[in-house]
Amino acid sequence: MYFSLTEEQLAVQGAARDFARQELLPGVIARDGAMLFPKNEVRRMGEMGFLGMMVSPEYGGGGMDTISYVLAMEEISKIDNSCSVIMSVNNSLVCWGLEKMGTEAQKQKYLPRLASGEWIGSFCLSEPEAGSDATAQKTSAVDCGDHYLLNGTKNWITNGGSSSLHLVMAQVDPSKGSRGICTFIVETSWPGVVIGAKEDKLGIRSSDTHTIMYNDVRVPKENLLGPAGDGFKFAMKTLTGGRIGIASQALGIASGAYELAVQYAKERKTFGKPISQHQAIAFKIADMATEVEAARLMVLRAAWMKDQGLDFATAASMAKLYASDVAMRQTVEAVQIHGGYGFVKEYHVERLMRDAKITQIYEGTSEVQRIVISRAILQGQLYQPMWIE
Ligand code: CAA
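Residues numbered from 1 in each chain as written. Predicted model: local features only at pLDDT ≥ 70, side-chain atom pairs only at ≥ 80, totals over all residues. Heavy atoms only, no water.

## Remarks on the site of the ligand
Here comes step 1: Taken together, 25 residues form the shell around the ligand, and within it Ser132, Thr158, Lys233, Arg243 and Arg375 come nearest.
Here comes step 2: One of the backbone N or O atoms of Ser132 is found 2.8 Å from a nitrogen atom in the ligand.
Here comes step 3: Starting from 1,100 Å² of accessible surface for the ligand in isolation, the protein chains cover 73%.
Here comes step 4: The leading source of residues in the shell around the ligand is helix H7 (residues 231-267), at 7 residues.
Here comes step 5: Grouping the constituent residues of the shell around the ligand by class yields 11 nonpolar, 8 polar and 6 charged.
Here comes step 6: Structurally, the shell around the ligand is a two-domain feature, drawing no fewer than three residues from each of domain 2 (122-229) and domain 3 (233-378). (Near = heavy atom within 4 Å. Polar contact = N/O pair within 3.5 Å; in protein donor to acceptor, adjacent residues only side chain to side chain. Areas by Shrake-Rupley, 256 points an atom, 1.4 Å probe, with all protein chains shown as cover. Helix = DSSP H or I, 4+ residues; strand = E, 2+ residues; numbered from the N terminus. Nonpolar A, V, L, I, M, F, W, Y, C, P; charged D, E, K, R; others polar. Domains from an automatic or database assignment.)

Given below as structure tokens:
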């Protein structure tokens, strides 16, 4: 067993940490308050290579491993989770999905733009009546010979108001159930793509979450992604990797809150000494550090398994389930340690507490992760431990 990071991985982690502190931190409170999409920051993330980290260099990406991606996600999530969800959706869902399932022509046409940040992408699976029950797709695509006609509504679409490309799951043959679902690459400039209301959210407030309507959108046949009827499996496979991205976001929220709490506890004095020297606070810090470390190991293990080509689905679900609970618990503790200061925006922990909640909901709720984990165990597909030969 080998716990060290390579020099390259450490360099990526350091670059992400510096970028987050120098370029994201200064405006994060204002952007969150005004629900302002981080346009310049996203452009900079593209320039820094954070939007196509795992994409092959031949398509303009960084060609990095999942561990490097997770390390960068943790650092950026300590500071700005609107930026880190934009990064996660673009990397793990849109770029990964296109690279794995796309034709050569699709990859050449779209990946360089997405990896550079010239375009950002959205993953359009959820619908008003198809959230956790994702096979219940009502969006339809009718085969019209040289094109499909797409109609329907998608909900809670990350990057919805800012993306140039959507990966859209739609039902082509309802008689086949989930095997009738296809995935389409849709450019948002096409007629019939309507950007609906922007959501006013509890957390990740400067990320851009919208309802999207497709009204008779003509999708050329060459924009079908993967084999017809494989759209649901595509969505599940892609989300499995996405769950590592959101787990690393949750980890960053937890470790960011923990770091702020330790720093504050050493500075703030009550009853004549720093509050870190009161056992009530010192023990909280010990528990926080332990849980953050456990979450980090689970997230890194899931990433390592993906990089090794192992079946990482259960490990990814476990990492997301655990890290998102840790993010919730640790941000509440960080606010408590800050006392009244924790309840005001200036000290950052209240924002991290609000941001933490969504990690238990998107890319599969904690309940969905328990479905995935329990099915794997009860169907005898034991997840593979790290010490596999
Ligand atoms: N890989 C490949 N295939 C898979 C798979 C996987 N990980 N999981 C399921 N499948 C296949 C099954 O084998 C099955 O195929 P067959 O028909 O050939 O047998 C088919 O898909 C249907 O699978 P299930 O019977 O397991 O489907 P189900 O209805 O029981 O649902 C579920 C399972 C796990 C609950 C699934 O619906 C699910 O994950 N729901 C949550 C959806 C979700 O995560 N949404 C997130 C939206 S995107 C987002 O949040 C992004 C963002 O903006 C941040």
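## Description of the packing of helix H4 (residues 66-79) against helix H8 (residues 279-307)
Here comes step 1: Between H4 and H8, the shortest axis-to-axis distance is 8 Å and the interhelical angle comes to 150 degrees. Judged by the inter-axis angle, H4 sits roughly antiparallel to H8. Here Thr66, Ile67, Val70, Leu71 and Glu74 of H4 lie close against H8, whose contacting residues are Arg296, Val299, Leu300, Ala303, Trp304, Lys306 and Asp307. (Axes fitted to C-alpha atoms, helices over the stretch in contact; angles between N-to-C directions. Parallel < 35°, antiparallel > 145°, perpendicular 65-115°, else oblique. Contact = heavy atoms within 4.5 Å.)

## Regarding unusual backbone geometry
Here comes step 1: Even without being a glycine, Met35 presents a positive backbone phi close to 50 degrees.
Here comes step 2: Turning to its location among the elements, Met35 is positioned in the loop between helix H2 (28-34) and helix H3 (39-48).
Here comes step 3: A positive phi angle is found at Ile204, which is not glycine, with a value near 35 degrees.
Here comes step 4: On the secondary structure map, Ile204 appears in the loop between strand E6 (193-198) and strand E7 (209-220).
Here comes step 5: Under the relative-accessibility criterion, Ile204 is labelled buried at 5%. (Buried < 20%, exposed > 50% of the residue type's maximum accessible area, 1.4 Å probe, protein only.)

## Structural notes on H3
Here comes step 1: The set of residues buried in H3 consists of Glu41, Val42, Met45 and Gly46. Here the buried residues of H3 occupy an arc of 145 degrees about the axis, which is enough to place them on one side. Across from the buried face of H3, at angles greater than 90 degrees, the exposed residues are Lys39 and Glu47.
Here comes step 2: Packing partners of the buried residues in H3 comprise helix H1 (7-24), H2, H4, helix H5 (81-101) and helix H6 (104-116).
Here comes step 3: Just beyond H3, the residue with positive phi is Gly49, at close to 90 degrees. (Arc of directions from axis to C-beta.)

## Overview of the state of the cysteines
Here a disulfide denotes a covalent bond joining the sulfur atom of one cysteine to the sulfur atom of another.
Here comes step 1: Summed over all chains, the structure comprises 0 disulfides.
Here comes step 2: Take Cys83: it sits in no disulfide, and the sulfur closest to it among the cysteines is that of Cys95, at 16 Å. (Disulfide = S-S within 2.5 Å.)

## Concerning the domain arrangement of the chain
Here comes step 1: Per the domain assignment, the segments of the chain are domain 1 (7-119), domain 2 (122-229) and domain 3 (233-378).
Here comes step 2: Using only C-alpha atoms to locate each centre, domain 2 and domain 3 end up separated by 30 Å.
Here comes step 3: Contact with domain 2, which involves 12 residues of that partner, is made by 12 residues of domain 3.
Here comes step 4: A combined buried area of about 920 Å² lies between domain 2 and domain 3, and 75% of that area is made up of carbon and sulfur atoms.
Here comes step 5: Counting the surface domain 2 buries against domain 3, the share from its top three residues, Phe123, Leu202 and Ile204, is 49%.
Here comes step 6: Summed over the shared surface of domain 2 and domain 3, the number is 0 salt bridges.
Here comes step 7: Tallied by class, residues from the side of domain 2 that touches domain 3 come to 8 nonpolar, 3 polar and 1 charged. (Buried area = accessible area lost by both parts, 1.4 Å probe. Salt bridge = Lys/Arg side-chain N within 4 Å of Asp/Glu carboxyl O.)

## What about the side chain of Arg205?
Here comes step 1: Residue position: Arg205 is located in the loop between E6 and E7.
Here comes step 2: Within polar-contact distance, the side chain of Arg205 engages the backbone oxygen of Lys201 at 2.7 Å.

## Observations concerning the nonpolar core
Proteins that are soluble and globular tend to have nonpolar side chains buried together.
Here comes step 1: Counting 40 residues, the largest nonpolar core has Ile244, Val299 and Ile337 as the members making the most contacts within it.
Here comes step 2: Secondary-structure elements contributing two or more residues to this core are H4, H7, H8, helix H9 (313-338) and helix H10 (349-358).
Here comes step 3: In terms of residues, this core owes the most to one element, H7, which gives 11 residues.
Here comes step 4: Built from parts of two domains, this core gets at least three residues from each of domain 1 (7-119) and domain 3 (233-378).
Here comes step 5: In this view, Ile244 contacts Thr66, Val70, Val299, Ala302, Ala303, Lys306, Phe312 and Ala316; residues no more than four positions away in its chain are not counted. (Core = buried A, V, L, I, M, F, W, Y, C linked by side-chain atoms within 4.5 Å.)

## Description of the pattern of salt bridges
Charged atoms that come close allow side chains of opposite charge to pair.
Here comes step 1: Enumeration according to the criterion identifies 22 salt bridges in this entry.
Here comes step 2: Its salt-bridge partner being Glu75, residue Arg17 comes within 3.0 Å of it at the nearest N-O pair. Of this pair, Arg17 sits in helix H1 while Glu75 sits in helix H4, and the two are 58 residues apart along the sequence.
Here comes step 3: With relative accessibility at 3%, the residue Glu75 sits in the buried group.
Here comes step 4: Across the salt bridge formed by Lys154 and Glu127, the nearest N and O atoms sit 2.9 Å from each other. Taken together, the residues Lys154 in strand E3 (residues 147-158) and Glu127 in the loop between strand E1 (121-124) and strand E2 (140-143) connect sequence positions 27 residues apart.
Here comes step 5: Because the salt bridges share partners, they merge into one network encompassing Arg17, Glu75, Lys78 and Glu259.

## A closer look at the pairing of E2
Here comes step 1: Sheet topology places E2 next to E3; 4 bridges connect them, and they run antiparallel. Across the sheet, residue Ser140 finds its bridge partner in E3, namely Asn151.
Here comes step 2: Hairpin connection, E2 to E3: the antiparallel pair is bridged by 3 residues, and Gly145 has positive phi, about 90 degrees. (Pairing = 2+ DSSP bridges.)

## Looking at H4
Here comes step 1: Here H4 is 14 residues long and its end C-alpha atoms lie 21 Å apart, about the 20 Å a rise of 1.5 Å per residue gives.
Here comes step 2: Across the 14 residues that make up H4, a large majority, 14, are buried. (Expected span 1.5 Å × (residues − 1).)

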